[in-house]
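# Coordinate analysis (summary)
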Amino acid sequence: MPGKFTFQMTSDDRRRPLPHKILLGQRPNESVHHVFMKFLAWVLFYRERLVIEGDTQNDAIPFEPDLLQLGYDMRPQLWIECGDCSTTKLEKLSVKCPEAEIWVVKPSAEEAAALLRTMQKEEFRRGRYGIVALDAEMVEEAAGLVRERNTFHWFRGELEPPRLQFDLNGLWFDNALEVMRH
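Summarised in this report is the structure supplied together with it.

Definitions and cut-offs
- Residues numbered from 1 in each chain as written.
- Predicted model: local features only at pLDDT ≥ 70, side-chain atom pairs only at ≥ 80, totals over all residues.
- Heavy atoms only, no water.
- Helix = DSSP H or I, 4+ residues; strand = E, 2+ residues; numbered from the N terminus.
- Expected span 1.5 Å × (residues − 1).
- Buried < 20%, exposed > 50% of the residue type's maximum accessible area, 1.4 Å probe, protein only.
- Axes fitted to C-alpha atoms, helices over the stretch in contact; angles between N-to-C directions.
- Parallel < 35°, antiparallel > 145°, perpendicular 65-115°, else oblique.
- Contact = heavy atoms within 4.5 Å.
- Nonpolar A, V, L, I, M, F, W, Y, C, P; charged D, E, K, R; others polar.
- Pairing = 2+ DSSP bridges.
- Arc of directions from axis to C-beta.
- Phe/Tyr/Trp six-rings, centres within 6.5 Å; stacked < 30°, edge-to-face > 60°.

### What to know about helix H1 (residues 32–44)
Counted at 1.5 Å a residue, the expected span for H1 with its 13 residues is 18 Å, and the 18 Å between its end C-alpha atoms agrees. With respect to burial, H1 is a largely interior element, eleven of its 13 residues being buried.

This is how it looks when you write it as structure tokens:
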């Protein structure tokens, strides 16, 4: 059943001035795990103008992103998919969004490695994709904590060195990430 989740946010990271609050909607047939992964990816990649489920403003791009940042020229600069995403979609994105960074956030190292192997087997363009592998146990535990109203404090997190530190609803998380490129 679709729901809405509010995250009251604070941050220790001066480079990541998160807004005070964000509201995320859960779509029909979308799990709380997927909502949490979109939220966590949004915080990890946080930039001005990065939106969750943004509109590409372009009829030639027939896809909806989990996260999107448009440039001032209204072209995608950053496209992020969370969880399951077809390789067909990823391959088409590299053509339809030639200037965009394309990232996929996976809930486990195993799923990330399987995607990377598929990309290599299907001879995807090199240098176009980044894959972030989250810790599967962390995703499971944190998604289980998500309620209608949540508190979130960001301590730090980056892709280099790959690490996350945050507090969700009073529980501390400190996890390594795995970053893969293709």
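Picking up where we left off.
### A closer look at the packing of H1 against helix H4 (residues 136–145)
Relative placement of two packed helices is described by the angle separating their axes and the distance separating the axes. Here H1 crosses H4 at 105°, and the two axes come no closer than 9 Å. One finds that H1 runs roughly perpendicular with respect to H4. Counted together, Val32, His33, Phe36, Met37 and Leu40 of H1 and Met138, Val139, Glu140, Ala142 and Ala143 of H4 form the full contact between these two elements. Of the residues in the contact of H1 with H4, the class split is eight nonpolar, one polar and one charged.

### Observations regarding the sheet that holds strand E6 (residues 101–106)
The strands making up a sheet associate through backbone hydrogen bonding, with each pair oriented either parallel or antiparallel. On the basis of which strands lie adjacent, the open sheet formed by six strands has the order E3-E4-E5-E6-E7-E11 and mixed pairing. The open sheet is flanked by strand E3 (50–52) and strand E11 (178–181), the only strands paired with a single partner. Each neighbouring strand pair of the sheet contributes to a mean axis angle of 20°, computed without reference to strand direction. When strand E4 (residues 67–70) meets strand E5 (residues 76–82), the two strands line up antiparallel, connected through four bridges. Among the inter-strand pairings, Leu67 is bridged to a residue of E5, identified as Ile80.

### Things to note about helix H3 (residues 109–121)
Under the 1.5 Å per step criterion, the end-to-end length of H3 is 18 Å for 13 residues, consistent within 8% with the ideal 18 Å. Every buried residue belonging to H3 is among Ala112, Leu115, Leu116 and Met119, and all of these are buried. Viewed end-on, H3 has its buried residues packed into an arc of 100°, placing them on one side of the element. Looking at H3, the residues exposed on the side facing more than 90 degrees away from the buried face are Glu110, Arg117 and Lys121. Once H3 finishes, Glu123 follows within two positions and takes phi at roughly 55°, a positive value.

### What about unusual backbone geometry?
Geometrically, the link from Glu160 to Pro161 is a cis peptide bond, its omega value of -10° lying close to zero. The residue Pro161 is located in the loop between strand E8 (149–159) and strand E9 (162–168) in this model. A positive phi angle, close to 70°, is found at Met74, a residue other than glycine. Inspection of the secondary structure puts Met74 in the loop between E4 and E5. On the basis of relative accessibility, which here comes to 43%, the residue Met74 falls in the partly exposed class.

### Comments concerning the sheet that holds strand E2 (residues 21–25)
Spatially, five strands are ordered E2-E1-E8-E9-E10 in an open sheet, and the strand pairing comes out mixed. Two strands in the sheet have a free side with no partner beyond their single neighbour: E2 and strand E10 (171–176). Each neighbouring strand pair of the sheet contributes to a mean axis angle of 25°, computed without reference to strand direction. Pairing analysis gives six bridges linking strand E1 (residues 4–11) to E8, with the strands arranged parallel. Bridging across to E8, Ser11 finds its partner in Trp154. Packed onto the sheet, H4 meets E8, E9 and E10 and runs at close to 155° relative to E10.

### Side note on the packing of aromatic side chains
On inspection of all chains with the given rule, the structure shows twelve aromatic pairs. Where Phe45 meets Trp103, the ring centres are 5.3 Å apart and the plane angle is 55°; that geometry is what we call tilted. Of this pair, Phe45 sits in the loop between H1 and E3 while Trp103 sits in strand E6, placing them 58 residues apart in sequence. Neither Phe45 nor Trp103 differs from the other in exposure class; each is buried. Each ring, one from Phe152 and one from Trp154, has its centre 6.1 Å from the other, and the planes form 25°; the classification is stacked. For Trp154, a relative accessible area of 0% puts it in the buried group. An aromatic cluster is built from Phe7, Phe36, Phe39, Trp42, Tyr46, Phe152, Trp154, Phe166 and Phe173, whose rings are joined through pairwise contacts.

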